[in-house]
Amino acid sequence: SKRQRRETQNLHDYVVFGTTGAENEVVDSNTTAEIYWRRVAYIPVIDSIVRNLKHRFSKESLLMSCSVECFIKMDFVESSYFINHYKNNITFLNNIFFLINYKFMDVLMIDIHALKSEMTVARNCMITIKPDFDINDISKVIEKYIYPNLYKLLQVAISIPISSATCERSFSSMRRIKNWIRTSMLQDRFSNLAVLNIERDIVNPLNNEDILNVYCTKDRKFL
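What you see is a predicted model, and the numbers here were worked out from it, not measured in a lab.

**Describing the packing of helix α4 (residues 112-129) against helix α6 (residues 148-157)**
Two elements in contact, α4 and α6, have axes separated by 8 Å at closest approach and are oriented at 85°. One element, α4, and the other, α6, form an angle in the roughly perpendicular class. Of the residues in α6, those in contact with Ala 114, Leu 115, Glu 118, Met 119 and Ala 122 of α4 are Pro 148, Asn 149, Leu 150 and Leu 153. Of the residues belonging to the contact of α4 with α6, the class tally is seven nonpolar, one polar and one charged.

**Focus: unusual backbone geometry**
We note that Met 74 has phi near 65°; this positive angle belongs to a residue other than glycine. Inspection of the secondary structure puts Met 74 in the loop between α2 (59-72) and α3 (80-99).

**Examining the side chain of Glu 118**
One can find Glu 118 in helix α4. Despite being buried, Glu 118 has no salt bridge partner; Lys 152 is the closest side chain of opposite charge, sitting 8.9 Å away. A polar contact of 3.0 Å, which involves the side chain of Glu 118, links it to the side chain of Asn 149. With near-sequence residues (within four places) excluded, Glu 118 lies in contact with Tyr 147, Pro 148, Asn 149 and Leu 150.

**Describing the nonpolar core**
Among the nonpolar cores identified, the biggest contains 22 residues, and Phe 71, Phe 82, Ile 138 and Leu 150 are the most heavily contacted of them. Every element with two or more residues in this core is listed here: α2, α3, α4 and α6. In terms of residues, this core owes the most to one element, α6, which gives five residues. The residues touching Phe 82, leaving out its near neighbours within four places in the chain, are Met 64, Ser 67, Val 68, Phe 71, Leu 153, Val 156, Ala 157 and Ile 160.

Basis of the calculations
- Residues numbered from 1 in each chain as written.
- Predicted model: local features only at pLDDT ≥ 70, side-chain atom pairs only at ≥ 80, totals over all residues.
- Heavy atoms only, no water.
- Axes fitted to C-alpha atoms, helices over the stretch in contact; angles between N-to-C directions.
- Helix = DSSP H or I, 4+ residues; strand = E, 2+ residues; numbered from the N terminus.
- Parallel < 35°, antiparallel > 145°, perpendicular 65-115°, else oblique.
- Contact = heavy atoms within 4.5 Å.
- Nonpolar A, V, L, I, M, F, W, Y, C, P; charged D, E, K, R; others polar.
- Buried < 20%, exposed > 50% of the residue type's maximum accessible area, 1.4 Å probe, protein only.
- Lys, Arg positive; Asp, Glu negative; His and termini not counted.
- Salt bridge = Lys/Arg side-chain N within 4 Å of Asp/Glu carboxyl O.
- Polar contact = N/O pair within 3.5 Å; in protein donor to acceptor, adjacent residues only side chain to side chain.
- Core = buried A, V, L, I, M, F, W, Y, C linked by side-chain atoms within 4.5 Å.

Written out as structure tokens, the structure reads:
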């Protein structure tokens, strides 16, 4: 007798959220190619990215990311989550060390009222120079002695690791750096090559000819 076939259970609990619909879609004769591909490709991809952000990042990370972006735009109200997060943590440490009769120096020493005034002045100044300013424009205007509170928090804002993707990519590059033909590589050389790979945005613009010219001027040539 023939073996009875059973329905596969691999996709039993899965449902289809959406399809491309390219087979059944009726294209209007007045629709241009740009509008068509925007509707069937660009918008679905953007929707998928936005939907996956909720699974890739935690709620706190997304809130911190939005707050940091608003802080760079000099919006004091919308960046309150970022500001209060670090201010409250420092206050908590101060209270703990006060209980053990040890005065803990406020590392950031942020004055909220002064910070609000500094952000207002800096924002008005940046708008007159460039309405759509970014962090590169801010770094040219914000001085440590003129905007002390804003300067400290900007240093924190640009150094927050919202995601660990960059760190994960650096670990993945180790396999490419130390492969089977480089098994005798020492730690110093491996560390130097890893730094060059991780900071490739800075290294890529370098001219290879200039590097070779410097190398040729050296007496002892080691690779």
